[in-house]
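# Fold and geometry: a report
Each chain, written out:
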Amino acid sequence: FLFMLGGAFGYRVPPDGWQPEGWSPPLKKKSLITVHHVHVRDAYKTTSFWLIWLVLMLNVSAGIGVIGIASPMLQEIFGGALIGKPDLTFAQVQADPAFKASAAGIAAGFVGLLSLFNIGGRIFWASLSDHIGRKMTYAIFFLLGIALYAAAPSAAREGSIALFVLCFCIILSMYGGGFATVPAYLADIFGTIYVGAIHGLLLTAWSTAGIV
């Protein structure tokens with residue numbers, strides 16, 4: 001709350017036409033970045049807004065869906081294999097206090113790893129989007145997410161803990177990356193003046209994902 005207040009009071013809106021001293025706009029304009037500014041009351045009436053909304057909702061539902069069940073999921077799928085005893089089932093591991101504690105500790109490490117990829121993804125994907133474009137970045141989120149979710153059950157059947165964990169770590173990186181990239185994506189599509197309010201509207205995709 002205090003940091004947000006400090007940020008809010010610290011911001012200043014520059015006058016119309018202001019630009020940094022010595023700066024000149026690039027001669028070549030990128031085709032997918034607008035030079036206009038769409039008002040918030042018009043942005044949500046466009047197809048572009050709802051397509052971005054939909055992809056963000058799918059991305060977030062995937063991310064928070066994994067976070068919510070990450071620990072029990074890993075323990076139930078791999079059972080004793082988590083603690084070097086592949087012959088033990090999940091129920092057998094849970095019946096032994098020592099085995100149960102070991103498996104829970106490893107699963108907690110999995111959750112921590114997912115959190116790191118969530119954070120790292122915000123930096124990685126947002127930076128990458130500056131080079132390949134936001135539309136391409138979100139296309140990767142959509143298609144790669146499908147591929148990884150399809151691959152995860154195969155990794156589980158093969159007993160490959162490393163591949164299973166890698167699939168979900170990448171998914172969580174895209175969850176964080178989706179959040180970090182979307183404000184710039186909205187600015188590209190709708191301009192910068194009203195992007196804060198438009199972003200606020202778009203975050204209804206997050207709350208919808210939570211319900212889903």
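Look above for the structure.
Reference entry: report on the structure contained in this document. (Residues numbered from 1 in each chain as written. Predicted model: local features only at pLDDT ≥ 70, side-chain atom pairs only at ≥ 80, totals over all residues. Heavy atoms only, no water.)

### Considering the overall build of the protein
Each helix and strand in the protein was counted, giving nine helices and zero strands. Traced from its N-terminal end to its C-terminal end, the protein shows the element sequence α-α-α-α-α-α-α-α-α. The C-alpha radius of gyration computed for the protein amounts to 22 Å, which surpasses the reference 17 Å derived for 212 residues by more than 25%, pointing to a less compact arrangement than a globule. Along the longest, intermediate and shortest principal axes, the C-alpha atoms of the protein span 70 × 40 × 35 Å. Within the protein, contacts between residues at least 6 apart in sequence are counted, and of these 73% link residues at least 24 apart. Of the side-chain charges in the protein, 12 are positive and 9 negative, and the distance between the mean point of each set is 7 Å. (Helix = DSSP H or I, 4+ residues; strand = E, 2+ residues; numbered from the N terminus. Rg over C-alpha atoms; globule rule 2.2 N^0.38 Å. Contact = heavy atoms within 4.5 Å. Lys, Arg positive; Asp, Glu negative; His and termini not counted. Charge placed at Lys NZ, Arg CZ, Asp CG, Glu CD.)

### Looking at the side chain of Gln75
Mapped onto the elements of the fold, Gln75 is located in helix α3 (residues 47-78). By relative accessible area, which is 10% here, Gln75 ends up buried. There is a polar contact of 3.1 Å between the side chain of Gln75 and the side chain of Ser71. Apart from residues no more than four positions distant in its own chain, Gln75 is found in contact with Leu82, Phe90, Gln94, Ala103, Ala104 and Ala107. (Buried < 20%, exposed > 50% of the residue type's maximum accessible area, 1.4 Å probe, protein only. Polar contact = N/O pair within 3.5 Å; in protein donor to acceptor, adjacent residues only side chain to side chain.)

### A closer look at the packing of aromatic side chains
The final tally for this structure, using the stated rule, is 10 aromatic pairs. Relative to Phe141, the ring of Trp125 lies with its centre 5.2 Å away and its plane at 75°, an arrangement referred to as edge-to-face. In this pair, Trp125 sits in helix α5 (residues 97-132) while Phe141 sits in helix α6 (residues 134-157), placing the two residues 16 residues apart along the sequence. Note on accessibility: Trp125 and Phe141 belong to one class, buried. (Phe/Tyr/Trp six-rings, centres within 6.5 Å; stacked < 30°, edge-to-face > 60°.)

### Concerning the nonpolar core
Residues Phe110, Leu114, Phe164, Phe168, Leu186 and Leu202 are the most contacted members of the largest nonpolar core, which totals 42 residues. Where this core is concerned, the elements lending two or more residues are α2 (40-43), α3, α5, α6, α7 (161-190), α8 (195-202) and α9 (204-211). Here the element with the most residues in this core is α7; it accounts for 15 residues. In contact with Phe110, other than residues within four places in its own chain, are Ala70, Met73, Leu74, Val165 and Phe168. (Core = buried A, V, L, I, M, F, W, Y, C linked by side-chain atoms within 4.5 Å.)

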